[in-house]
Amino acid sequence: MDVPLWEAGLGIVQIFILGWLIGACIAAFYNAQIKVKK
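Overview of the structure.

## A short note on the overall build of the chain
Next, step 1: Helices and strands together make up the secondary structure of the chain, namely 1 helix and 0 strands.
Next, step 2: Considering the chain as a whole, with its 38 residues, one finds that 0% of them fall into the buried category.
Next, step 3: Element-wise, carbon and sulfur atoms account for 75% of the exposed surface of the chain, whose accessible area totals about 3,800 Å².

## Overview of a nonpolar patch on the surface
Next, step 1: Together, Val-13, Phe-16, Ile-17, Trp-20 and Leu-21 make up an exposed nonpolar region whose accessible area comes to about 560 Å².
Next, step 2: Along the chain, the position of Trp-20 falls in helix 1 (residues 5–37).
Next, step 3: Exposure remark for Trp-20: the relative accessible area of 57% places this residue in the exposed category.

Reading the values: the criteria
Residues numbered from 1 in each chain as written. Predicted model: local features only at pLDDT ≥ 70, side-chain atom pairs only at ≥ 80, totals over all residues. Heavy atoms only, no water. Helix = DSSP H or I, 4+ residues; strand = E, 2+ residues; numbered from the N terminus. Buried < 20%, exposed > 50% of the residue type's maximum accessible area, 1.4 Å probe, protein only. Areas by Shrake-Rupley, 256 points an atom, 1.4 Å probe, with all protein chains shown as cover. Patch = residues over 30% accessible without salt bridge, like charges linked within 9 Å, V, L, I, M, F, W, Y side chains within 5 Å. Salt bridge = Lys/Arg side-chain N within 4 Å of Asp/Glu carboxyl O.

What follows is the structure in structure tokens.
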């Protein structure tokens, strides 16, 4: 596969951002569940 270095770097950045967003959503949902139980 001939993938340019800048495209590979962009893909890594996008995966990092996507993972951070998914983690933030999971954390927000988890925190909302804790508040409901109390």
